[in-house]
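Examining the three-dimensional arrangement
The primary structure of each chain is shown beneath.
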Amino acid sequence: MTDHQALSQTREWVERVIMKYNICPFARAEVERDSIRYAEIDATALPEALEAVIAECHYLDGHPEVETTLCVFTRGFASFDHYLELAELANGLLALQGYQGVYQLASFHPDYCFDGEPEEDPANFTNRSPWPTLHLIREESMARALAQHDDPEGIPERNIRFARKRGAGFFLSRLASIRSDGQ
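All values reported here derive from a predicted model rather than from experimental measurement. (Residues numbered from 1 in each chain as written. Predicted model: local features only at pLDDT ≥ 70, side-chain atom pairs only at ≥ 80, totals over all residues. Heavy atoms only, no water.)

Regarding the sheet that holds strand 3 (residues 103-108)
Taken together, four strands build an open sheet; the order of strands is 1-2-4-3 and the sheet is mixed. For this open sheet the edge positions go to strand 1 (36-41) and strand 3, each flanked by a neighbour on one side alone. Averaged over all adjacent pairs, the angle separating strand axes in this sheet is 20°, with direction ignored. Relative to strand 2 (residues 68-73), strand 1 runs parallel, the two sharing six bridges. Bridge pairing in strand 2 links Ile-41 to Phe-73. Running at roughly 175° to strand 3, helix 4 (residues 80-96) makes contact with strand 2, strand 3 and strand 4 (133-138) of the sheet. (Pairing = 2+ DSSP bridges. Helix = DSSP H or I, 4+ residues; strand = E, 2+ residues; numbered from the N terminus. Axes fitted to C-alpha atoms, helices over the stretch in contact; angles between N-to-C directions. Contact = heavy atoms within 4.5 Å.)

Notes on the nonpolar core
Core analysis: the largest hydrophobic core is formed by 30 residues, its most contacted members being Trp-13, Val-14, Val-17 and Phe-171. Elements that contribute at least two residues to this core include exactly helix 1 (3-19), helix 2 (27-33), strand 1, strand 2, strand 3, helix 5 (139-148), helix 6 (155-166) and helix 7 (168-181). Residues within four places of Phe-171 in sequence aside, it is in contact with Val-17, Ile-23, Phe-125, Phe-162, Ala-163 and Arg-166. If you look at the next biggest cluster of nonpolar residues, it comprises 28 residues, including Cys-71, Ala-90, Tyr-103 and Leu-105. (Core = buried A, V, L, I, M, F, W, Y, C linked by side-chain atoms within 4.5 Å. Buried < 20%, exposed > 50% of the residue type's maximum accessible area, 1.4 Å probe, protein only.)

Topic: a negative patch on the surface
A cluster of like negative charges, contributed by Asp-150, Asp-151, Glu-153 and Glu-157, occupies part of the molecular surface. Within the secondary structure, Glu-157 sits in helix 6. The exposure class assigned to Glu-157 is partly exposed, which follows from its relative accessible area of 42%. (Patch = residues over 30% accessible without salt bridge, like charges linked within 9 Å, V, L, I, M, F, W, Y side chains within 5 Å. Areas by Shrake-Rupley, 256 points an atom, 1.4 Å probe, with all protein chains shown as cover. Salt bridge = Lys/Arg side-chain N within 4 Å of Asp/Glu carboxyl O. Lys, Arg positive; Asp, Glu negative; His and termini not counted. Charge placed at Lys NZ, Arg CZ, Asp CG, Glu CD.)

Focus: the pairing of strand 2
A regular strand places its side chains on the two faces of the sheet in alternate fashion. Within strand 2, six of the six residues are buried, which leaves it mostly tucked inside the rest of the structure. This β-α-β element, strand 1 to helix 3 (residues 46-62) to strand 2, shows right-handed connectivity. Taken together, the five bridges between strand 2 and strand 4 define a ladder with antiparallel strand orientation. Along strand 4, the bridge assignment pairs Thr-68 with Ile-137. (Right-handed = clockwise from strand over helix to strand, strands pointing away.)

Here we look at the pattern of salt bridges
Counted by the stated rule, this structure contains eight salt bridges. Between Glu-67 and Arg-33 there is a salt bridge, with the nearest N and O atoms lying 3.6 Å from each other. In this pair, Glu-67 is assigned in the loop between helix 3 and strand 2 and Arg-33 in helix 2, connecting sequence segments 34 residues apart. Through salt bridges with shared partners, a single network forms among Glu-30, Arg-33 and Glu-67.

Notes on the packing of aromatic side chains
All chains considered together, the criterion is met by 12 aromatic pairs. Taking the centre distance of 5.2 Å and the plane angle of 70° together, the rings of Trp-13 and Phe-108 count as edge-to-face. Placement of the pair is Trp-13 in helix 1 and Phe-108 in strand 3, with a sequence separation of 95 residues. Across this residue pair, the class does not change: Trp-13 and Phe-108 are buried. With a centroid separation of 6.2 Å and 90° between ring planes, the pair formed by Phe-162 and Phe-170 is classed as edge-to-face. (Phe/Tyr/Trp six-rings, centres within 6.5 Å; stacked < 30°, edge-to-face > 60°.)

Focus: the state of the cysteines
Counted according to the given criterion, the structure contains zero disulfides. The thiol sulfur of Cys-24 is not disulfide-bonded, and the nearest other cysteine sulfur, from Cys-71, lies at 16 Å. Owing to a relative accessible area of 26%, Cys-24 belongs among the partly exposed residues under this scheme. Cysteine Cys-57 remains unbridged, with the sulfur of Cys-71 as its closest cysteine sulfur at 7.5 Å. With relative accessibility at 0%, the residue Cys-57 sits in the buried group. (Disulfide = S-S within 2.5 Å.)

As C-alpha cells, then:
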C-alpha cells in the first residue's frame, strides 16, 4: 500500500460514502469545488502527528481557497485508543495555538465507535473511514452552512437512522470496495 493509495481511498470514501449517502450534507459542494485538501501524515508518534496537524492549520491560514483538510494518518494510529488520544491532544493544541473558534476537528477511524455504543452498532459507520483521519473544518464556514440547512440538529439522528437501516454489511461492502479499487 502506498501513501498515494491511502489518499485515493480516502477521497473515494468521501465521494462514494459521505457525499453519495449525504452523511455530510455539506460535502458535495466542496467535492464539486475541489476545495478539500487530502494531506498525508506519516507520523507514528504523538509529537510529530500534532506538529503535522498544526502545520495543516497554517496551510489553511494561507490558502483560503481550500475549505477543509483531511489529515490522513498513513502509518500510525491504527489503534483506536491511540487515535483517540491523538484527537484529544489535537483539540487541546488547537486551543493553545489560538485556533479555538477558527478550526474544529471531526474524527474518523476504521474502528470508530461512539462512546457508550456497542462496536457492532451500524451507526458507528458514519465515522468509520478507510484510514485514521482528523478533519480540520473552518468554523466560520460551518456556521454559514449550518445556518442555511433546514434541520442542522437533525443531521446526526438522520445519519444514525440511515446507518442502522442499511446495516453494518452495507458499509463493510462499501469500504471493502474502496480498498480493493484503490490498490
